[in-house]
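Breakdown of the fold
Residues per chain are reported as follows:
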Amino acid sequence: MLTDLYLDVLHFVMSRWQSTGGFGFVPTLPASVEDTYHAIRILEKILPVSEREVNRLQRDPRLREYLRSKVGEQAWSSRTVYQYLYISNFSQFVPDNKWLAELLREDPAQLPSLEGRYYLARIQKEFSKFLSADLPHMVDSSPKRGWRTARELLILIHLWITWGEPLPANAHELIGWLQACQAPDGGFGSVPGSTSFIENTHWCIEALSLLGSSPLFPHRAREFILRCKRHGAGFARKSEGAPFLYATWHAVAALDLLETKSAP
C-alpha cells in the first residue's frame, strides 16, 4: 500500500522542481531553501521508490548552482542555515565559509532561542566540516527547562540526547503528556485538547519514539495521516486542506516511525 502512496508523493514532489534547480512551494512560485530541503528529505524517506530521482538530483549541476546563488543572502535563521547545509551535503556542494560564519555569528549578550539552540546544535553535530570554527556549546544542561508545546518538548529531548544529558526522572510523565495530545480523530495537537495537525502528529510520535514509547492508539494516528493524503498528490496539514511539501515531509516521516514501531 505504501508503495502506491509513495509513487503519488514522488510525482507531487517532482512537480515542484524548478528549472533553477531548487523546489518551490507550488509549481508557479520560485524555489526556496525550505521547500528544497523538504523535497529532498521526502525523496530520501521514500527510497527506494525515489532512487532514480535522488541520484539524478545529486548529479544535477542546477541544484549546486541554486545553492551558489544563495551565497550573500543575510539574516537567515539558524533553521534556514541548517536546511541549506543539509541540501549542500546532499549535493556535495561546499558553501562559502566566511559567509556561513557571518550567518551563524550570535550576539554574546543574547542567548539564542530554544529553536536557535537546537539548530545550532544540529549544525555542530552534523555539518561541522563546513565550519571554520566550533560553535559554542549552547544547550541548557538543566532538564528542568520549561516547555509549552510538543515541538518544544521534542527539541529539548533532542538536545538532551545530542549532548549526552540524562533524560529527566519524570520521563514517564512526559510520555503521558505526549500521549494525551492525541485527539479523537487520531492526530495530535500541540498540547492536550488542541486541534490535530500533521506536523504536531509527527513531532509527538517522534518525541514518544525517542523516549522509548509510542502513541496509545497508533492505528488511529496512521488513519489520521492517511486521511491527510490528497488524491494523486502529497499530504495536507488536515484532511480538508491543500497538499504542500512541508506537510508531506511530516506525513512520510510520521508514517515511517509508525511502520518501524509496528515491524516484528
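These lines cover the structure that appears in this document, whether it is placed above or below. (Residues numbered from 1 in each chain as written. Predicted model: local features only at pLDDT ≥ 70, side-chain atom pairs only at ≥ 80, totals over all residues. Heavy atoms only, no water.)

**Points about the state of the cysteines**
Note the following rule: When two cysteine sulfur atoms are found within 2.5 Å, that pair is recorded as a disulfide.
Tallied over the full model, the rule gives 0 disulfides. Cys181 takes part in no disulfide bond, and the closest cysteine sulfur to it belongs to Cys204, at a distance of 4.4 Å.

**A few points about the packing of aromatic side chains**
Quick note on the threshold: Only Phe, Tyr and Trp rings take part, Trp by its six-membered ring, and two of them pair if their centres are within 6.5 Å. Stacked means planes under 30 degrees apart, edge-to-face means over 60, and tilted covers everything else. Each helix is a run of H or I in the DSSP string that is no shorter than four residues. Each strand is a run of E no shorter than two, and both are numbered from the N terminus. The buried label applies to any residue whose accessible area, calculated with a 1.4 Å probe on protein chains only, is under 20% of its type's maximum; exposed applies above 50%, and partly exposed to all values in between. Whether a charge lies above a ring is judged from NZ of Lys or CZ of Arg, which has to be within 6 Å of the ring centre and within 35 degrees of the ring normal.
This structure, assessed with the given rule, holds 15 aromatic pairs. With a centroid separation of 6.3 Å and 50° between ring planes, the pair formed by Tyr82 and Tyr86 is classed as tilted. Within this pair, Tyr82 and its partner Tyr86 are both found in helix H5 (residues 78–91), separated by 4 residues, close to a single helical turn. Tyr86 matches Tyr82 in its accessibility class, with the two residues each being buried. On the basis of an interplanar angle of 45° and a centroid distance of 5.6 Å, the ring pair of Tyr82 and Tyr119 is categorised as tilted. Linking Tyr82 in helix H5 with Tyr119 in helix H7 (residues 114–126), this pair joins segments that are 37 residues apart in sequence. Take Tyr82 and Tyr119: they sit in the same class, and that class is buried. Above the face of the Trp203 ring, Arg151 is positioned so that its terminal group lies 5.2 Å from the ring centre. The ring of Phe197 has Arg237 lying over it, and the distance from NZ or CZ to the ring centre is 4.0 Å.

**Remarks on the packing of helix H2 (residues 33–45) against H5**
What counts here: Geometry is summarised by axes, namely lines fitted to C-alpha atoms with helices restricted to the contacting stretch, and by angles between N-to-C directions that run from 0 to 180 degrees. We call two directions roughly parallel when the angle between them is under 35 degrees, roughly antiparallel when it is over 145, roughly perpendicular when it lies between 65 and 115, and oblique otherwise. Here a crossing is called left-handed whenever its near helix is offset anticlockwise from the far helix by less than a right angle, and right-handed whenever the offset is clockwise. We call two residues contacting when some pair of their heavy atoms lies within 4.5 Å. Amino acids outside the nonpolar list (Ala, Val, Leu, Ile, Met, Phe, Trp, Tyr, Cys, Pro) and the charged list (Asp, Glu, Lys, Arg) are all regarded as polar, and Gly is one of them.
Where H2 meets H5, the closest approach of the two axes is 9 Å, and the angle between their N-to-C directions is 50°. In terms of orientation, H2 and H5 fall into the oblique class. Seen from above, H2 lies across H5 with left-handed handedness. Residues Val33, Glu34, Thr36, Tyr37, His38, Ile40, Arg41 and Glu44 of H2 form the contact with H5, whose own contacting residues are Thr80, Tyr82, Gln83, Tyr84, Tyr86, Ile87 and Phe90. Considered class by class, the residues forming the contact of H2 with H5 number 8 nonpolar, 4 polar and 3 charged.

**Let's talk about helix H3 (residues 51–59)**
Inclusion rule: Along the arc lie the directions from the helix axis toward the C-beta atoms.
Of all the positions in H3, only Glu53, Val54 and Leu57 are classed as buried. For H3, the arc enclosing every buried residue in end-on projection is 100°, short of the 170-degree limit, so these residues lie on one face. Residues of H3 that are exposed and point more than 90 degrees away from the buried face comprise Arg52 and Arg59.

**Regarding unusual backbone geometry**
Residues apart from glycine generally show negative phi values, whereas peptide bonds are mostly found in trans. Cis peptide bonds are those with omega within 30 degrees of zero, and the linkage from Leu47 to Pro48 qualifies with 5°. Locating Pro48 in the fold gives a position in the loop between H2 and H3. Even without glycine at this site, Ala75 takes up a positive phi of about 65°. As for its placement among the helices and strands, Ala75 is situated in the loop between helix H4 (61–70) and H5. Of note in this structure, Gln92 is not a glycine but carries a positive phi near 60°. Locating Gln92 in the fold gives a position in the loop between H5 and helix H6 (97–103). Gln92 gets classed as exposed once you look at its relative accessible area, which sits at 71%.

**Describing the pattern of salt bridges**
Definition in use: Salt bridges, as used here, are contacts in which a Lys or Arg side-chain nitrogen is within 4 Å of a carboxyl oxygen on Asp or Glu.
Applying the stated criterion across every chain yields a total of 12 salt bridges. The partner of Lys70 in a salt bridge is Glu73, with the nearest N and O atoms 2.9 Å apart. With relative accessibility at 14%, the residue Lys70 sits in the buried group. On the accessibility criterion, Glu73 (30% relative accessible area) is partly exposed. Glu259 is paired through a salt bridge with Arg222; the nearest N and O atoms lie 3.0 Å apart. Here Glu259, found in helix H12 (residues 245–262), pairs with Arg222, found in helix H11 (residues 218–227); they are 37 residues apart in sequence, far enough to count as distant. Its relative accessible area of 29% is what places Glu259 among the partly exposed residues. On the basis of relative accessibility, which here comes to 22%, the residue Arg222 falls in the partly exposed class.

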